[in-house]
Each structure stands twice: as structure tokens, then as C-alpha cells.
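Geometric and topological summary
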Amino acid sequence: MTLPRRVVIALGGNAMTGPDGSATPGAQRDAIAVAARHVAAVVATGAEVVLTHGNGPQVGNLLVKNELAAHEVPPVPLDWNVAQTQATIGFTLSDELDAALTARGLPQRTAALVTRTLVDPRDPGFAAPTKPVGRFLPADQAQRFIDLGQLWEDRGERGWRRVVASPEPLSVVDVPAIAALSAAGFVVVCAGGGGVPVVDDGPDGAGLRGVEAVIDKDLTAALLARELGSDTLVIATDVPHVMVDFGTPHARALHRVTAAELRELAAAGQFARGSMGPKVEAALRFVERGGTRAVITTLESISDAVSGDDVGTLLIAS
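The following refers to the structure shown. What you see is a predicted model, and the numbers here were worked out from it, not measured in a lab.

A look at the side chain of Gln 86
Note that Gln 86 resides in helix H3 (residues 78-103). Gln 86 has contacts with His 53, Leu 113, Val 114, Thr 115, Ala 191, Gly 192, Gly 195 and Val 196, leaving out every residue within four places of it along the chain.

Some points on the pairing of strand S16 (residues 293-298)
When a strand is regular, its side chains alternate between the sheet's two faces. Most of S16 is tucked away, with six of its six residues classed as buried. Sheet analysis places strand S12 (residues 232-237) next to S16, joined by six bridges and oriented parallel. The residue bridging Ala 236 from the neighbouring strand is Thr 297, located in S16. Note: S16 against strand S17 (residues 313-316), four bridges, orientation antiparallel. Residue pairing for S17: Ala 294 is matched across the bridge by Leu 315.

Focus on the packing of aromatic side chains
This structure, assessed with the given rule, holds one aromatic pair. Each ring, one from Phe 145 and one from Trp 152, has its centre 5.9 Å from the other, and the planes form 20°; the classification is stacked. You'll find Phe 145 and Trp 152 in the same group, each marked buried.

Description of the pattern of salt bridges
For the structure shown, the criterion picks out 17 salt bridges. Between Asp 95 and Arg 29 there is a salt bridge whose closest N-O contact spans 3.9 Å. Remark: Arg 29 occurs in helix H1 (residues 25-43) and Asp 95 occurs in helix H3; sequence separation between them is 66 residues. Since its relative accessible area comes to 40%, Asp 95 is described here as partly exposed. What makes Arg 29 partly exposed here is its relative accessible area of 31%. With a closest N to O distance of 3.1 Å, Glu 153 and Arg 155 form a salt bridge. Assessed through its relative accessible area of 31%, Glu 153 is described here as partly exposed. Connected via shared salt-bridge partners are Glu 168, Arg 263, Glu 281, Arg 285 and Glu 288.

A few points about the sheet that holds strand S11 (residues 208-210)
On the basis of which strands lie adjacent, the open sheet formed by four strands has the order S8-S4-S10-S11 and mixed pairing. One side of each edge strand has no neighbouring strand; the edge strands of this open sheet are strand S8 (171-172) and S11. With three bridges connecting them, strand S4 (residues 116-118) and strand S10 (residues 196-200) associate as parallel partners. Opposite Arg 116, over in S10, you have Val 196 as the bridge partner. Docked against the sheet, H3 engages S10 and S11, running at close to 130° with respect to S10.

Here is what the cut-offs are and how they apply
The residue numbering used here restarts from 1 in each chain and proceeds along that chain's sequence as written. Totals for whole chains, interfaces and linings use all residues, but because this is a predicted model, local features are given only for residues with pLDDT of at least 70 and pairs of side-chain atoms are given and counted only at 80 or more. By convention in this description, side-chain values take in all heavy atoms of the structure and omit both hydrogens and water. Elements are defined by DSSP. Helices are runs of H or I of four residues or more, strands are runs of E of two residues or more, and each kind is numbered from the N terminus. The contact criterion used is simple: two residues touch if any of their non-hydrogen atoms lie within 4.5 Å. Relative accessibility thresholds used throughout: buried, under 20% of the residue-type maximum; exposed, over 50%; partly exposed, between the two (1.4 Å probe, protein chains only). Two strands qualify as a pair provided DSSP detects at least 2 bridges between them. Here the aromatic set is Phe, Tyr and Trp, taking the six-membered ring for Trp, and pairing holds for ring centres within 6.5 Å; pairs whose planes are under 30 degrees apart are stacked, those over 60 apart are edge-to-face, and all others are tilted. The salt bridge criterion pairs a side-chain nitrogen of Lys or Arg with a carboxyl oxygen of Asp or Glu, the two atoms within 4 Å. Fitted lines through C-alpha atoms serve as axes, helices being fitted only where they are in contact, and the angles separating the N-to-C directions of these axes extend from 0 to 180 degrees.

Here it is, written out as C-alpha cells:
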């Protein structure tokens, strides 16, 4: 195969926390250092690498801080939380990836960009928020935040949980800056957590403002890869392949698959919405709309996924 010119790598949440799910600063930095070494191996193939990442545990921690401090300081909106976690993960990834690149004798360095993603204010997700975020609370504690304008739902025995909109990403606002940094030789960390959701209230992008929502990070990664003209999208997760008939005696791994074949499996309900479903949909959107290839595999295999066709679940157009 011909090595790709530009690769977008989407790191899953497991790359940002400890093996036991710990999100302490030390555990996060250790996990990010491991991820950085795998990303550096991709850079060593000669491809231009653009990196995006999840931020679920980090946003969850900030929401808890909002709740605990609500009697002292006003809670900040969700788009602020996304921006703050982008910056924190971005600078940590930059530090660790620069160290990993240096260890390999590579000249590239890392640039992190707080990135905005445009959504439609008329997206159906805003009318019927369904994305759960943060922790469960008793009804009386949840009521404090309902009084502040947040939407919470009764989830039964576990308590109440906040739900927010998860609109479709339309475009990554900062693609021109990302492309310029990449062309200048930087490994760019961007669009973390799907990007800071913004709507445009003015002409030609003059009225951008953040909104309370979260965007699926894998769907934004697919959009980012297309807008950058990338050859390959790699979605790193905690399993080596996409599985069909998962959890049954007939379970099997998908290796090389066409977009038509994978779309048919998705339509048959093979991939759960809360786990593999968004990753499969992101890979499909990238390939169906002009991308050359998409791979879903483990973090440890991303370099092999870029340089070969025998790792993970490889999606091609036909």
C-alpha cells in the first residue's frame, strides 16, 4: 500500500486515564505519555499527523466541581468545560508527545489548538436533549441545578442525571489554522471532545457563540479528516477489531470490509449506540464521503494501522 500523506488519529477516552479508569492528574499524564509514544511511531512513518481526543472523564470532573462549588461561585456553562479540558489535555499531550518525538530523533513538534465546531441551533438535539453527562444526584440536589436552567432526568434507583443536547457537527471552524500548522510541520492536537460547540448568529461567522451541548468526538474526527483532505482516519479504542454478533457464541471480528457491507451491518443493529456505534458511523461517513480508508483498532496498533492493511477493522470504499 502507499503510505498516507496525512492521518487523523482519534484517541479514545481510555488513552486519557489510568488502566483502572483513574482520572487523577498523575494517572492522566502517565496514560497520555503512553499514548504519545504510539503517536510518535505514526509520525515516524512520515505521515502528517493531526490528533484529536476524548474528554469525557475530564468534563465529568469539572461538572462535579461546578456542583460542589455552586453555593460559592456560579457554575460555568458546558462549552466552557469543553474548552478548559481541551486546553488541559492539549498542553499535556504536547509535553508528552514532544518528549516522545525527541526520543525518536524526530524534528517535529506539537501544537495544541482550542477548537470550535459549528452546529445548527435548529438541530433536533436541542429540542430533545438525550446525552447524559456528569454524575447521579438525589432529587433535592439536582433541583438546585434545574433552578439554574439545566435539564435533569430521573434515572430511577441511581438518582437524577443531567442530560444535554448532542447536535450533529457541521464544520470545524478552525480548520484553516489546523491545516496551516500541519503544513508547517507541527503535529496538531485539536477538536478534543468533539470541539467546543458554537452556533453562528451573524453573517459569515461574525456571530459565533458557544452553546450548552456536547458533540460526538468520533463524528467530529471524521468531519475534520474530510475537511483537511486526509487520506486515513484511525479511531483508537480498547478493542482490536469491530465485532459482529457481539456477546453471542457466533461473535466474529471484522477485518477488511467495504462501506456497503458495514453500512448493512449497522442498519441491522449490530453496533450499540453507546459504544461501537458512533465509531462505526464515523468511519462510514469518512469513507462514504471521499476518504480513502478508515481503521478502528487499539491504541497499541495505530502505527501498524497506518503503514499496513492487516491490522484492526479496515474500512474501504469498495
